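Structural features, examined
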Amino acid sequence: MENFFDKYYWVYVLLSESDGKKYTGYTKNLPSRFEAHQNGEVQSTKHRRPFKLIYCEACLSKEDGLKREKHLKTHYGKMFLGNRLKSYFTGQEQRKDINPSQ
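One structure accompanies this document, and this report is about it. (Residues numbered from 1 in each chain as written. Predicted model: local features only at pLDDT ≥ 70, side-chain atom pairs only at ≥ 80, totals over all residues. Heavy atoms only, no water.)

Re the environment of Ser61
Applied cut-off: Secondary structure elements are taken from DSSP: a helix is a run of H or I of four residues or more, a strand is a run of E of two residues or more, and numbering for both begins at the N terminus. Any pair of N or O atoms that falls within 3.5 Å is considered a polar contact. Within protein, one atom must be able to donate a hydrogen and the other to accept it, and sequence-neighbouring residues count only if both atoms are side-chain atoms.
Here Ser61 is to be found in the loop between β3 (51-59) and α2 (62-72). Here the alpha-carbon distance between Ser61 and Lys7, two residues 54 residues apart in the chain, equals 9.4 Å. Among the polar contacts listed, one links the side chain of Ser61 to the backbone nitrogen of Asp64, at a separation of 3.1 Å.

Looking at the packing of aromatic side chains
Rules: The pairing test for Phe, Tyr and Trp rings, Trp by its six-membered ring, is centres within 6.5 Å, and the orientation test on the planes gives stacked under 30 degrees, edge-to-face over 60, and tilted for anything in between. Working rule: Lys NZ or Arg CZ, within 6 Å of ring centre, within 35 degrees of ring normal, means a charge sits over the ring.
Scanning the model with the defined rule gives 5 aromatic pairs in all. Their ring planes at 75° and their centres at 5.0 Å tell us that Tyr88 and Phe89 sit as a pair that is edge-to-face. Note that Arg68 overlies the ring of Phe80, its terminal NZ or CZ placed 4.9 Å from the centroid.

Brief notes about the side chain of Glu69
Which entries qualify depends on this criterion: A 1.4 Å probe rolled over the protein chains alone gives each residue an accessible area, and that area as a share of the maximum for its type sets the label: buried under 20%, exposed over 50%, partly exposed in between. The contact rule is simple, with two residues in contact once any of their heavy atoms fall within 4.5 Å.
With respect to the element layout, Glu69 can be found in helix α2. Judged by relative accessible area, which is 13%, Glu69 ranks as buried. Apart from residues lying up to four places away in sequence, Glu69 is in contact with Val11, Thr24, Gly25 and Tyr26.

Structure (structure tokens):
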């Protein structure tokens, strides 16, 4: 039986816990790619570990995945992600206010 993740191409956004910046990428194998980022095996992110996976989208084709990744890296794509993740980041700030030790 085919794994759920294997059916799609994935566009994902990582949040660096060390510098607070986001990284947008594309892959066929999301669990493996996330592990590669965490292990420092990805040149462009190895000095920004550890990461949280904060957003992902499944695409039915490689072409759609690549187009979506490129779009999310544009000004309008970053605006979309900002709106889409607004409650996530608002929730993060509220949790810090409640428990300042985190």
